[in-house]
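# Coordinates in review
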Amino acid sequence: MAEGRREQPPHPLLSLPPASKRACFRPAPRGPGPGPGHGSGLPGSRYRSPESLLDCAAKAVADKWAFERVEERFERIPEPVQRRIVYWSFPRNEKEICMYSSFQSVGTGDGLPFRRGIRLLETGCVENVLQVGFHLSGTVTEPATPSEPEITHKVAISFDRCKITSVTCGCGNRDIFYCAHVVALSLYRIRKPEQVKLRLPISETLFQMNRDQLQKLVQYLITAHHTEVLPTAQKLADEILSSNSEINQVHGAPDPTAGASIDDDNCWHLDEDQVREQVKQFLSQGGYYGSGKQLNSMFAKVREMLRMRDSNGARMLTLITEQFMADPRLSLWRQQGTGMTDKCRQLWDELGALWVCVVLNPHCKSEEKSSWLKQLKKWGDMDVCPLEDGNYDSLSRPRRTVFSRAVEACDLHWQDSHLQRIISSDFYMSPSYQREGESLLFNPQGLPLWLDHVPTACARVDALRSHGYTREALRLAVAIINTLRLQQQRQMDIYKHQKKELLQRGATSTTNLEGWVGHPLDPIGCLILPHLHFPPLYHHVPVWGSSDGGESYLTLALEVALMGMGQQRIMPEGLYAQDKVCRNEEQIVAKLQELDLDDLLVQTLRKQAIQLLEAGPFSGLGEVIHRESVPMHTFAKYLFSALLPHDADLAYKVALRAMRLPVLESSAGSGDVGHPHHGISIVPSRYPRWFTLGHLESQQCELASTMLTAAKGDMLRLRTVLEVIQKNIHSSSLIFKLAQDAFKIATPAESPPDITLLNVALELGLQVMRMTLSTLNWRRREMVRWLVTCATEVGLRALVSILQSWYTLFTPTEATSIVAATVMSHNTILRLSLDYPQREELASCARTLALQCAMKDPQNCALSALTLCEKDHIAFETAYQIVIDAASTGMTYSQLFTIARYMEHRGYPLRSFKLASLAMTHLNLAYNQDTHPAINDVLWACALSHSLGKNELAAIIPLVVKSVHCATVLSDILRRCTMTAPGLAGIPGRRNSGKLMSTDKAPLRQLLDATISAYINTTHSRLTHISPRHYGEFIEFLSKARETFLLAQDGHIQFAQFIDNLKQIYKGKKKLMMLVRERFG
């Protein structure tokens, strides 16, 4: 067992913690109380005087042997020896008490049971402490609060071999961890052992009594607690007096204070029921943040137990796993075919990783490993067991669950002699005379190698570190890194012989099917953590035996992180696996960004960046990569930012190389024959898909933006970066974002603009315009407006250029309504400070654009063209003629009415009338369309005609009669025409008679007849489907009709005949006809 190898703490004078932490953890006193082991009596002498031989022996026995074994071994044990064994059997390390009293580590959270226990102890709340053998008892008083009175709790603790085996407290605490009262009593025993009354196990005391003393003891005990123990005492007395009772068949009697028996498990008290209940409760809360945080805290507690080599770590993990497997959501997800949330999925990943650590315990027993293997296989065979790659179940490989790695790890062992030598010594090397030629065990410098499947080898490192073997984990990690270095060098040698052929093909089928970044075993994280956390965090500690004297554990950590992230690897299958690659990469980068890059680290950074660039198909930054290789954008962004202050050329070389995204290229190279060609910006149709493509493209954009920012003011670098962007980024929205970023950086608020970067922004903007010209994009109007703004900042020539080449960048509508209109605005003229010739040049280009757009799309551009050409007579006439030519074919009545109103507003009434007449020919207003949006245009056109004169009115009335069949609209037109005399507009050269027009003569006679006819037709149409609730509305309609009829000379006769006809035809509608007779006779 791991407990059997517990390392003894160093001498207290060498390990005293800082003053701020002494309240939490104190070394145990060497020999408190009278008797052997007590100090010299001088102040503080107990820390200086050596322990007695009795204390040394008693301490060793108390830590390893059950007291029952001691009693069996020796017929009679002297009382002083028993006292020292009993004394040293209580736990001595406050860290262990803390581990079992809170999720979090000490130092955070005043409400934690451990912290509260310390406060209770330090405020004198612990009293009546008594140790009887292996049983500790006492009372802990909770001080009164404004809402609660003072309350005293009885606390009892049993212990054995320096572990607390059971706890009882009157507070009734139901939790995984010990309550504050148990903590307070435990710490009292650790910190103030000399104040604890210590007695031998009660059986020893009873052994010293005679019959009378025993009888007196029993009777006093019964008297003191007669209500509780009297029934039990009488029952036991009856059984003892019965010769055939079971109690008389057993030799001796139980003693709860004598410690555990030989066969009992020696482990800390852990309430299994509470572990199950709390895990079940957290899982039932779904993916909420609080529950996930609590479950992660439980996983952290398992790791803490493993690190302390506490057997409860595996025990607690088993209990957690049982509840995870019993989660009812697993069956539901399987039935519905839906996936679990990412948070839940990450919890399952951690569960699987923890089991790998547990089964790789270097000192676990074979029986334990067999038991774990059996249980893991049982869980893995269940249908609901989550798969390793999320919900993605590949048809091309065997089913793998989250426990598959742990099952495979059960086959690993630690008996290899080479492995044992690696982890047991810092100075293990091959003899110098054996360093010639190839070796599988050592590198050319004689340092040991560990050749194994890399993730598996790294899992060994994680297991060693997790079980508290930090130094051993570091040694093995160094051996693995030396192995990876040697492999990298050999891969570069291989590439040198294949370089010419691969460059000619432009692609390679060489790649790693299993990448280290995003791997379930997290090999890179396993390798860098031992180096970052040991020795002092982020300090350079030399590596023994390295050929380079400047090499440290920290440079090794950086180097292996760079090697792992730079590895060329195929994109894994499934959404979750791909998402995990992205997340793991970001986590590693975040760790590296915490490093303060000094000369040693920069040297390592440069060396590894150069090697990655020259490693060909074995590196994701090599000249030739697999078409479906994981992109290096996030990694390259880190390298670029880190290298830029020290080696700008190398930084740009790395970043420019990493900008590629071959999976989106239009065709695969001749060397990549496994997949068909695909179009640009289309997700590959292969199975499976790249689910994280959007995120990868955004990272590509971030890398480009970082380079643009850094290259500000450097025309050559900006041009290079621009070419790479235009070649490799296929998303218009991302290119637009880059253009906006470049524009923002190029135009600081308090400094003059950077013209080189502005031109880059404009180039990118122009590319966006060309890419989105023939596609739908909801941001298109924003893009067009931004481009004009950018071109304005660049200057006059840029504006002239986009006006002259508008047809490659904009639609006719955009060109006239946004581009030309903005260019010709007063604000633009002021912004550019243009002189008269420059303004004329700009205006001429805008007018030419307007006429071209009007010719191409008169429906949408004619009005804008007229507006832009107002100040140039020839251009304006040309635009007007374009409208007239298009009016009869492609323009709608609403467009023509709009232009007609514009013409009237600009002072061209006759042209306005002509356009309105053309519009009327396209209009058709049915009898029931009395709310049609074109009604106002019709009324306006008739008012315009009336104001121009009788001739124009006579010309438009036939068009109105032909197009409008709505009686109320016609009657409104008729009423307006009879209220004023025609020709009030005062057209030059015309005379106005000033007389009102008669409805008995042309042209109003035709309009009156049409209106009466419309009323008659509408009436019959409405009566066909009329309901009683519309009777009142219908009577009002007839009243309006009568007003129109009466405008005719014989109108009253016509109306009377009309009413009589209605009565005759619709006599079946008696109620309605009655209403008609009441109103109209």
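Residues numbered from 1 in each chain as written. Predicted model: local features only at pLDDT ≥ 70, side-chain atom pairs only at ≥ 80, totals over all residues. Heavy atoms only, no water.

An unreviewed UniProt entry annotates the protein as Zinc finger, SWIM-type containing 5 originating from Nothobranchius furzeri.

With that out of the way, let us pick up the pattern of salt bridges. Going through the model one piece at a time under the given rule, you end up with 46 salt bridges. Where Glu51 meets Lys59, a salt bridge forms, and the shortest distance between an N and an O atom there is 2.7 Å. Its salt-bridge partner being Glu94, residue Arg191 comes within 2.8 Å of it at the nearest N-O pair. In this pair, Arg191 is assigned in helix α7 (residues 180-191) and Glu94 in helix α5 (residues 94-99), connecting sequence segments 97 residues apart. Like Arg191, the residue Glu94 is buried in the burial classification. Among the ionic contacts, a cluster of salt bridges with common partners joins Glu272, Asp273, Arg276, Arg315 and Glu322. (Salt bridge = Lys/Arg side-chain N within 4 Å of Asp/Glu carboxyl O. Helix = DSSP H or I, 4+ residues; strand = E, 2+ residues; numbered from the N terminus. Buried < 20%, exposed > 50% of the residue type's maximum accessible area, 1.4 Å probe, protein only.)

Another aspect to go through is the packing of aromatic side chains. A complete count under the given rule lists 22 aromatic pairs for this structure. With centroids separated by 5.6 Å and ring planes inclined at 40 degrees, the aromatic side chains of Trp379 and Phe403 adopt a geometry described as tilted. Here the residue Trp379 occupies a position in helix α16 (residues 366-380), and Phe403 occupies one in the loop between α16 and α17 (404-409), the gap between them amounting to 24 residues. Note on Trp379: relative accessible area 4%, which makes it buried. By relative accessible area, Phe403 is classed as buried at 0%. Geometrically, the ring pair formed by Phe1045 and Phe1055 is edge-to-face, given 5.4 Å between the ring centres and 65 degrees between the ring planes. Residue Phe1045 is found in helix α44 (residues 1031-1045), and its partner Phe1055 is found in helix α45 (residues 1051-1065); the two are separated by 10 residues along the sequence. (Phe/Tyr/Trp six-rings, centres within 6.5 Å; stacked < 30°, edge-to-face > 60°.)

Moving on, we come to the side chain of Gln274. Here Gln274 shows up in helix α11 (residues 272-284). For Gln274, a relative accessible area of 10% translates into the label buried. Among all residues touching Gln274, those that are not within four sequence positions of it are Arg174, Asp175 and Ile176. (Contact = heavy atoms within 4.5 Å.)

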